[in-house]
Amino acid sequence: MDPDQEPWEVARELTRKRYMTLNAIRNQGGEARTPEITSSSDELYNQIVNDHLKRMINAGLVEKIDEGERSEGGALPKEGYKYRITDRGKEVLAEAQTNYDLTPIGEGEVRRRFDELEARVEKLEKENEQLRSILYDPHENHDTLEEWVEAIRDNLLVLRNEVKNLN
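Here's a quick rundown of the structure.

About the thresholds
Residues numbered from 1 in each chain as written. Predicted model: local features only at pLDDT ≥ 70, side-chain atom pairs only at ≥ 80, totals over all residues. Heavy atoms only, no water. Helix = DSSP H or I, 4+ residues; strand = E, 2+ residues; numbered from the N terminus. Buried < 20%, exposed > 50% of the residue type's maximum accessible area, 1.4 Å probe, protein only. Contact = heavy atoms within 4.5 Å. Areas by Shrake-Rupley, 256 points an atom, 1.4 Å probe, with all protein chains shown as cover. Phe/Tyr/Trp six-rings, centres within 6.5 Å; stacked < 30°, edge-to-face > 60°. Lys NZ or Arg CZ within 6 Å of the ring centre and 35° of its normal. Polar contact = N/O pair within 3.5 Å; in protein donor to acceptor, adjacent residues only side chain to side chain. Core = buried A, V, L, I, M, F, W, Y, C linked by side-chain atoms within 4.5 Å. Axes fitted to C-alpha atoms, helices over the stretch in contact; angles between N-to-C directions. Parallel < 35°, antiparallel > 145°, perpendicular 65-115°, else oblique. Nonpolar A, V, L, I, M, F, W, Y, C, P; charged D, E, K, R; others polar.

As for the overall build of the protein
Of the regular secondary structure elements, the protein holds seven helices and three strands. Taken from the N to the C terminus, the helices and strands of the protein come in the order α-α-β-α-α-β-β-α-α-α. Looking at the protein residue by residue over its 167 residues, the buried ones come to 29%. Residue pairs at least 24 apart in sequence account for 61% of intrachain contacts in the protein once pairs closer than 6 positions are excluded. Surface summary for the protein: the accessible area is close to 11,600 Å², and the carbon and sulfur share equals 48%.

Written as structure tokens, this is what we have:
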């Protein structure tokens, strides 16, 4: 990464973890402290993030805006330094996302949402089987057509509520 490179050139060279670091800052409103960045993913930890941030500062993608309050002994602040994504950093992120259909983070998010939907569908299928067994259970005695209609109506209301909960 070189400050003279075009954003698309930097985006091509952007490693996955540098992308994750830059994206973590953007997702925190464009400014974030080191612990906020590292907590955005299990793959990001202080040592690697600090290295990436130094390189991204040199490339003009990020700027350090706050060094935090140092303790009396001059030790580094517990809350970490605060960084801001620059306009150039935003351009590089936009280029990186344009060049790839899905980012690794995007793929993970899609997988997580798909798994959640699968779990919901499975739950609804089980409930549907239970409702079918109630509706079509030959052991259940309904003396009148009105009782059958009422049982069906009740089951439809339960199904409608489940569908609303999905949305």
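A word on the packing of aromatic side chains
Per the counting criterion, the structure on display carries zero aromatic pairs. Geometry around Tyr81 places Lys64 over its ring, the cationic atom sitting 4.0 Å from the centre.

With respect to the side chain of Thr86
Mapped onto the elements, Thr86 comes out in the loop between β3 (82–85) and α5 (87–99). Relative accessible area serves as the criterion here: at 15%, Thr86 is assigned to the buried category. For Thr86, the side chain forms a polar contact with the main-chain nitrogen of Gly89, separated by 3.0 Å. Beyond its immediate stretch of four places on either side in the chain, Thr86 contacts Gly60, Leu61, Val62 and Glu63.

Side note on the nonpolar core
Grouped together as the largest cluster of nonpolar side chains are 24 residues, with contacts concentrated most on Leu22, Ile25, Ile37, Leu53, Leu61, Val62 and Tyr83. When contributions to this core are tallied by element, the ones reaching two or more residues are α1 (7–13), α2 (16–27), α4 (46–58), β3 and α5. Considering every element that reaches this core, the biggest residue donor is α2, with five residues. The residues touching Ile25, leaving out its near neighbours within four places in the chain, are Gly30, Glu31, Ala32, Ile37, Leu53, Val62, Tyr83, Arg84 and Ile85.

Details of the packing of α2 against α4
Relative orientation of the contacting elements α2 and α4 amounts to 80°, with a least axis distance of 10 Å. The angle between α2 and α4 places the two elements in the roughly perpendicular class. Facing Lys17, Arg18, Thr21, Leu22 and Ile25 of α2, the residues of α4 in contact are Ile48, Val49, His52, Leu53, Arg55 and Met56. For the contact of α2 with α4, the per-class residue count stands at six nonpolar, two polar and three charged.

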